[in-house]
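These are the residues of each chain, in order.
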Amino acid sequence: MSLRHALLGLLADTPQNGYDLTKRFEETLAGHAWNAGHSQIYPELKRMTADGLVEVVDEGSRGSKVYGVTDAGRGELRRWMFSPLGEAPARNEFVLRLFMLSSLDLPDVRVLVDQMAGQSDEAVGELDQAIKTIEEFTPPGQPHGYARFAAEFGRRYYALQRDWARWVLDQLERDPATPDASAARPADAG
């Protein structure tokens, strides 16, 4: 994924200026999918305009520009949406830490996994609240919209992380013979 595609997706929803896009990133995407600040968003909007993916549809006070997606931009967003997920390199800090657990001593593994469980549980709570807000602001009889789908995915993802971490802690408690990670490392490793 690129910033370009995130911006195209947000602009496909409704034309916005750079300030509004920055705010939407902070409120919706930053904690869960993609992080970008105004120092990245404004230059990318200029490049996207030059590439014909977006256009200025209105100008506000003090020269602020409102951008909308062009047909070419919608086509590029659609192409990206249907591209295989494996095109971009995988980056998942949580999973990376799982691979690195063997570098810690057993007491540290317990502390870290407990922190992972707690942080994931907090994220579940935040997303539960976001889902509640989405449902409260959806008029009766109307669909909740796609933001509800994304929030539900996030809630389930963090619930999975939390449940996995609790399972690991349970496994560590059940098996007192779990070797200390430092004892399992080869002598020349460190």
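These numbers come from a predicted model, not from an experiment. (Residues numbered from 1 in each chain as written. Predicted model: local features only at pLDDT ≥ 70, side-chain atom pairs only at ≥ 80, totals over all residues. Heavy atoms only, no water.)

**Q** Could you give me a rundown of the sheet that holds strand E2 (residues 54-59), with the residues and numbers involved?
**A** The strands that make up a sheet pair up through hydrogen bonds in the backbone, lying either parallel or antiparallel. Taken together, the 3 strands give an open sheet; going across it, the order is E1-E3-E2, and neighbouring strands pair in antiparallel fashion. With partners counted over all chains shown, the strands left at the sheet margins are strand E1 (16-17) and E2, one partner each. In this sheet, strand E3 (residues 65-69) lies alongside E1 in antiparallel orientation, the contact comprising 2 bridges. Note on E3: the bridge partner recorded for Gln16 is Tyr67. Strand contacts of helix H1 (residues 3-13): E1, E2 and E3, with the helix running at about 95° to E3, the strand carrying the most contacts. (Pairing = 2+ DSSP bridges. Helix = DSSP H or I, 4+ residues; strand = E, 2+ residues; numbered from the N terminus. Contact = heavy atoms within 4.5 Å. Axes fitted to C-alpha atoms, helices over the stretch in contact; angles between N-to-C directions.)

**Q** Could you give an account of the side chain of Ser120, naming the residues involved and the relevant values?
**A** Tracing the sequence through the fold places Ser120 in helix H6 (residues 106-137). Within the structure, the side chain of Ser120 is placed 2.9 Å from the backbone oxygen of Met116, a separation counted as a polar contact. Apart from residues no more than four positions distant in its own chain, Ser120 is found in contact with Phe94, Tyr158, Gln161 and Arg162. (Polar contact = N/O pair within 3.5 Å; in protein donor to acceptor, adjacent residues only side chain to side chain.)

**Q** Now, about the nonpolar core: what can you tell me, with residues and values included?
**A** With 16 residues, the main nonpolar core has Leu7, Leu8, Leu11, Leu21, Phe25, Ile41 and Leu45 as its most contacted residues. If we ignore the near neighbours within four places in the chain, the residues touching Leu21 are Leu7, Leu10, Leu11, Gln16, Ile41 and Leu45. Formed by 12 residues, the second largest nonpolar core is a distinct cluster that contains Phe94, Val113, Leu169 and Leu172. (Core = buried A, V, L, I, M, F, W, Y, C linked by side-chain atoms within 4.5 Å. Buried < 20%, exposed > 50% of the residue type's maximum accessible area, 1.4 Å probe, protein only.)

**Q** Outline the environment of Asp163, listing residues and values.
**A** Take Asp163: it is sitting in helix H7 (residues 146-174). Among the polar contacts listed, one links the side chain of Asp163 to the side chain of Arg162, at a separation of 3.0 Å.

**Q** Run through the packing of aromatic side chains, naming residues and quoting values.
**A** Summed over the entire model, instances satisfying the criterion amount to 3 aromatic pairs. Ring geometry for Phe94 versus Trp164: centroids 5.8 Å apart, planes at 75°, classification edge-to-face. With a gap of 70 residues between them, Phe94 in helix H5 (residues 93-99) and Trp164 in helix H7 connect regions that are remote in the sequence. Aromatic pair Tyr157 and Tyr158: ring centres 5.4 Å apart, planes at 80°, arrangement edge-to-face. For Tyr157, a relative accessible area of 28% corresponds to the partly exposed category. Among the aromatic residues, ring-to-ring pairing joins Phe153, Tyr157 and Tyr158 into one connected group. (Phe/Tyr/Trp six-rings, centres within 6.5 Å; stacked < 30°, edge-to-face > 60°.)

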